[in-house]
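# An overview of the molecular structure
The chain contents come next:
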There are 2 protein chains.
Amino acid sequence: MEQKIPYKIYLNENELPKQWYNVRADMKVKPAPLLNPGTLQPLTQEDLAPIFCEELNRQELDNDTRWFDIPQEILDFYKMYRPAPLVRAYFLEKALGTPAKIYYKFEGNNTSGSHKLNSAVAQAYYAKKQGLKGVTTETGAGQWGTALSMACSFFDLDCQVYMVKCSYEQKPFRREVMRTYGAKVTPSPSNTTNVGRQILEKFPGTTGSLGCAISEAVEAAVSQPGYRYVLGSVLNQVLLHQTVIGLEVQTACKKYGIKPDIIIGCAGGGSNLGGLISPFIGEMLRGEAQYKVIAVEPASCPSFTRGKFAYDFADTGMICPLAKMYTLGSQFIPSANHAGGLRFHGMSPILSQLYHDGLFEARSVEQTAVFEAAQMFARIEGTLPAPESSHAIRAAIDEALKCKETGEEKTIVFGLSGTGYFDMVAYQKFNDGVMNDTIPTDEEIAANLANLPKVE
Amino acid sequence: MEQKIPYKIYLNENELPKQWYNVRADMKVKPAPLLNPGTLQPLTQEDLAPIFCEELNRQELDNDTRWFDIPQEILDFYKMYRPAPLVRAYFLEKALGTPAKIYYKFEGNNTSGSHKLNSAVAQAYYAKKQGLKGVTTETGAGQWGTALSMACSFFDLDCQVYMVKCSYEQKPFRREVMRTYGAKVTPSPSNTTNVGRQILEKFPGTTGSLGCAISEAVEAAVSQPGYRYVLGSVLNQVLLHQTVIGLEVQTACKKYGIKPDIIIGCAGGGSNLGGLISPFIGEMLRGEAQYKVIAVEPASCPSFTRGKFAYDFADTGMICPLAKMYTLGSQFIPSANHAGGLRFHGMSPILSQLYHDGLFEARSVEQTAVFEAAQMFARIEGTLPAPESSHAIRAAIDEALKCKETGEEKTIVFGLSGTGYFDMVAYQKFNDGVMNDTIPTDEEIAANLANLPKVE
């Protein structure tokens, strides 16, 4: 195979982004503000102060500043595991027999196994800078909890992770990685919070839920002096930090004369998708370029493709702020059969507005098709992908096969947000041939959407 | 932190090695030949033909050719996950307060999680080129089995892995990674071989051993037409393939004007250590340079530091060839308490001869000290290391602390051969404070060495 473009493009250190890009500055219609769940009024810096760090609140509420300088300490940390390579999938192209050129941005080359570390280090840094003692958070599968543990360990910050009990028990290895980094991992619901005790009393045998873990983590943050709560997705600040992904892709593309036609990312709460596509969407908003951008979500949790664009609670417990977003209803829970993550009922308010305004399209894919793509990718390109990331792989393969039919030499860039090394239970299901698809019925979705909070 | 040398040095594709280096060509005293266990005569190409691939046998027996061209197909595969970065451990230096400069060569950026893939792809390629249907091997912890599965999947070769039964049961995730790559993984001892059936009859409840798995894999290879046996360490061919590690380090050092004083690698069968140090030892053998080279082994399996340089069986079952090497006796088994890999009773014949000739020194370290170093490294440098690799980390930290005492600005390079993502059971032991050290007694070692085969 002859080529000018290397298999893996690693930028030099001096080419790495020194600022985060805030796509809100280029949006004509800004994302709707978060609302106080009690007053239904837009949240202010003061409302947020007891929960989140000051600087992060500023980032959360700032719709106008286009570029935020990345502090030197964070740039130094980024250098430990970045740049993430932009990889030319030569072998996949060959196996598919497609004239398309396929690239993927690989964010899995760090112990947390995903892009989550990009925001974790920023949030830990600002907490430390504010003089806090520690932070609390929840984790489901454990990627975010691992990333936060690594960042807190580096900045010598206490890290308290509420891990959904069934994950805590079924994923002991994730738990141990967090403990190795010094985090305190508590199975949720627990006896350490009021909300946890109430739930345990009401449902003694419960194995927990993400909504419950969020509630415990928030209570732990506000009830301990010197603690704040941090979150790995959905929020504007998280999307801001994650733009290092897309900015690096842009720099690599410019450097090697790569002109993407199609950009593909998987979508759960939006941290990876937003980070990858924001800089490109920015070009579109400024009228500088045009791309076909595709968000890929699980058919079992289809917030973009079957949800409603409306105000809804961000959590199952209905204690967190309301966000205007594509939502399936805060009580929606994907089938227990669903193995692949991306199970949040809503979506980042920024991405929701951009999608509503037609800046990108969305599609949903079924999990057996996702794992087929994952296995194919692993065998051909070497890396065992995270189930979440494999949603993007599925769509990239489908687009490349379309190019094969039409003969078009399109350039496809997709986000490989992480590795699947801690997801082997799901792979085992697939390997054993016992994985199947579960798609919510129209009635189920309608029933959940009927109960959206009344706002406006 | 200001510096000219980047945190991570990634070579460009055109700087990657295109040949493997055969240190035997520069050795005045060649490693002693493998002996046929029946005749005690040196093994010939013909003896080896039923067991190993032809080209690999040539590599195994060739003490004279200094450079072997790496076939283009293997170079292409290498590009999927290489170059492996040479990383400056700025954060570790700062935390230790040492004037030493610390670098590590990180081989963990691939799904197999270690350097093992460097030889797996070569062995799979030559098997495919010879027109074989498949290969067999054994795996203990699973790193080698995973690497071989990946390589075989890429070259569309059947891969049969005999996995020690206790690992098969205790490490289901490793097993599933191999299955995802299409390998057939059989818990050993099994009913699929004569030797397996005999052992099961004799010891119905056995959970297996590496020696038994080797015997099964060899039997499976020689009894199926179109199959050969492959091995991930100890052999000369493996050390040859692994020299891409050290050659990349040399190129990176030349490019950035780095002059190593101390080179450190962990030692089990020798695949990682040999790959890292051979090119530097070559410079020493040719009188071009002088380095302090340190092999680090577990105190619970101290073949270099407490073993004997003598002919011994390579396997517990005493059916494999005899090799002249530092050995603890083929019946030696490290304490069940030992968590960190590197548990082979012997050592690569090449490295054994070099050590015997004083080209490098060796030291042993206890596992609690190893895991302390591993945890420290994870927290400071971000990457969670494999327990095996952490032996080298321990020695690197110790050397850096010596520099702190003396004020010497030495340059230390160590091999970080892999990640510990599938070793969390061992980390959990350490996190729970229940790990302790077990060192064999002099009597135990002497008893094993008393039974060495009589050769010469």
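Keep in mind it's a predicted model, so treat the numbers as computed, not measured.

## Looking at unusual backbone geometry
Residues A:Arg82 and A:Pro83 are joined by a peptide bond in cis, for which omega reads 0 degrees. Locating A:Pro83 in the fold gives a position in the loop between helix H3 (72-81) and strand S4 (86-88). Looking along the chain, the bond that leaves B:Ser188 and enters B:Pro189 is cis, with omega of 5 degrees. Within the fold, B:Pro189 resides in the loop between strand S8 (184-188) and helix H9 (194-202). Residues other than glycine seldom take positive phi values, yet B:Asp156 does so here, at roughly 55 degrees.

## Observations regarding the packing of helix H5 (residues 117-129) of chain A against helix H11 (residues 236-256) of chain A
Residues and elements named next belong to chain A. Look at H5 against H11: their axes get within 8 Å of each other, and the N-to-C directions meet at 125 degrees. As the angle between them shows, H5 and H11 are arranged oblique. For the pair H5 and H11, the sense of crossing is right-handed. Touching Asn118, Ser119, Ala122 and Gln123 of H5 are Gln237, Val238, His241, Gln242, Val244 and Ile245, all from H11. Classifying every residue of the contact of H5 with H11 by side-chain character gives four nonpolar, six polar and no charged.

## Some thoughts on the environment of A:Ala220
Residues and elements named next belong to chain A. The topology assignment puts Ala220 in helix H10 (residues 210-223). Look at Ala220 and you get buried, because its relative accessible area is 5%. Here the alpha-carbon distance between Ala220 and Thr193, two residues 27 residues apart in the chain, equals 6.7 Å. Residue contacts for Ala220: discarding those within four places in its chain leaves Thr136, Gln160 and Tyr162.

## Remarks on the pattern of salt bridges
Inspection of the entire model under this criterion finds 44 salt bridges over all chains. Of the charged contacts in the structure, one is a salt bridge between A:Asp442 and A:Arg306, with a shortest N-O distance of 2.7 Å. Separated by 136 residues along the polypeptide, A:Asp442 in helix H18 (residues 442-449) and A:Arg306 in helix H13 (residues 303-306) bring together distant segments of the chain. One salt bridge in this structure joins B:Glu107 and B:Arg82, with 2.8 Å as the shortest N-O distance. Of this pair, B:Glu107 sits in the loop between strand S5 (101-106) and helix H5 (117-129) while B:Arg82 sits in the loop between helix H3 (72-81) and strand S4 (86-88), and the two are 25 residues apart along the sequence. Residue class for B:Arg82 comes out buried when judged on its relative accessible area of 1%. If you follow the salt bridges from partner to partner, you end up with A:Lys292, A:Glu361, A:Arg363, A:Glu399 and A:Lys402 in one network.

## Brief notes about the interface of chain A and chain B
Contacts between the two partners involve 44 residues from chain A, matched on the other side by 44 residues from chain B. With both sides pooled, the region where chain A packs onto chain B buries about 4200 Å², and carbon together with sulfur makes up 56% of that total. A per-residue breakdown of the area chain A buries against chain B is headed by A:Phe173, A:Thr180 and A:Tyr421, which together make up 16% of the total. For the pair chain A and chain B, the number of links is two salt bridges. One salt bridge connects A:Arg179 with B:Asp432, and the closest N-O pair in it is separated by 2.8 Å. Between the two partners, chain A and chain B, sit 25 residue pairs in polar contact (both at pLDDT 80 or more). The element contributing the most residues to the side of chain A that touches chain B is helix H8 (residues 172-180) of chain A, with six residues. Tallied by class, residues from the side of chain A that touches chain B come to 21 nonpolar, twelve polar and eleven charged.

## Some details on the sheet that holds strand S8 (residues 184-188) of chain A
All names here are of chain A. In spatial order, the strands read S8-S7-S6-S9; together these four strands make up an open sheet with parallel pairing. Of all strands in the sheet, those bounded by a partner on one side alone are S8 and strand S9 (227-229). The sheet shows a mean angle of 25 degrees between the axes of neighbouring strands, taken without regard to direction. Both strand S6 (residues 134-139) and strand S7 (residues 158-164) contribute to a ladder of six bridges, which runs parallel. Within S7, the position partnered with Thr136 by the bridge is Gln160. Relative to S6, helix H6 (residues 143-155) is tilted by about 165 degrees, and along the sheet it contacts S6 and S7. Taken strand by strand, H10 contacts S6, S7, S8 and S9, and its axis lies near 170 degrees from that of S6.

## Details of the relation of the copies chain A and chain B
Least-squares fitting of chain A to chain B yields an RMSD of 0.0 Å, with the superposition described by an axial translation of 0.0 Å and a rotation of 180 degrees. Expressed as a symmetry operation, the mapping of one chain copy onto the other fits a two-fold axis. For chain A, the residue whose C-alpha comes nearest the rotation axis is A:Asn109, separated from it by 3.2 Å. Interface overlap between copies is the fraction of interface residues in one copy that are interface residues in the other; for chain A against chain B it reaches 100%, indicating a shared surface.

## Some remarks on the packing of aromatic side chains
In this description, an aromatic ring pair is defined by two values, namely the gap between the centres and the angle between the planes. The full count for this structure, using the stated rule, is 53 aromatic pairs over all chains. Where B:Phe77 meets B:Phe154, the ring centres are 4.9 Å apart and the plane angle is 80 degrees; that geometry is what we call edge-to-face. Of the two residues, B:Phe77 sits in helix H3 while B:Phe154 sits in helix H6 (residues 143-155), which places them 77 residues apart along the sequence. Judged by relative accessible area, B:Phe154 falls into the partly exposed class, the value being 21%. Here the basic side chain of A:Arg175 rests over the ring of A:Tyr168, its NZ or CZ set 4.8 Å away from the ring centre.

Calculation criteria
- Residues numbered from 1 in each chain as written.
- Chains lettered and ligands numbered in written order.
- Predicted model: local features only at pLDDT ≥ 70, side-chain atom pairs only at ≥ 80, totals over all residues.
- Heavy atoms only, no water.
- Helix = DSSP H or I, 4+ residues; strand = E, 2+ residues; numbered from the N terminus.
- Axes fitted to C-alpha atoms, helices over the stretch in contact; angles between N-to-C directions.
- Parallel < 35°, antiparallel > 145°, perpendicular 65-115°, else oblique.
- Left-handed = near helix turned anticlockwise from the far one by under 90°.
- Contact = heavy atoms within 4.5 Å.
- Nonpolar A, V, L, I, M, F, W, Y, C, P; charged D, E, K, R; others polar.
- Buried < 20%, exposed > 50% of the residue type's maximum accessible area, 1.4 Å probe, protein only.
- Salt bridge = Lys/Arg side-chain N within 4 Å of Asp/Glu carboxyl O.
- Buried area = accessible area lost by both parts, 1.4 Å probe.
- Polar contact = N/O pair within 3.5 Å; in protein donor to acceptor, adjacent residues only side chain to side chain.
- Pairing = 2+ DSSP bridges.
- Least-squares fit on C-alpha atoms with pLDDT ≥ 70 in both.
- Phe/Tyr/Trp six-rings, centres within 6.5 Å; stacked < 30°, edge-to-face > 60°.
- Lys NZ or Arg CZ within 6 Å of the ring centre and 35° of its normal.

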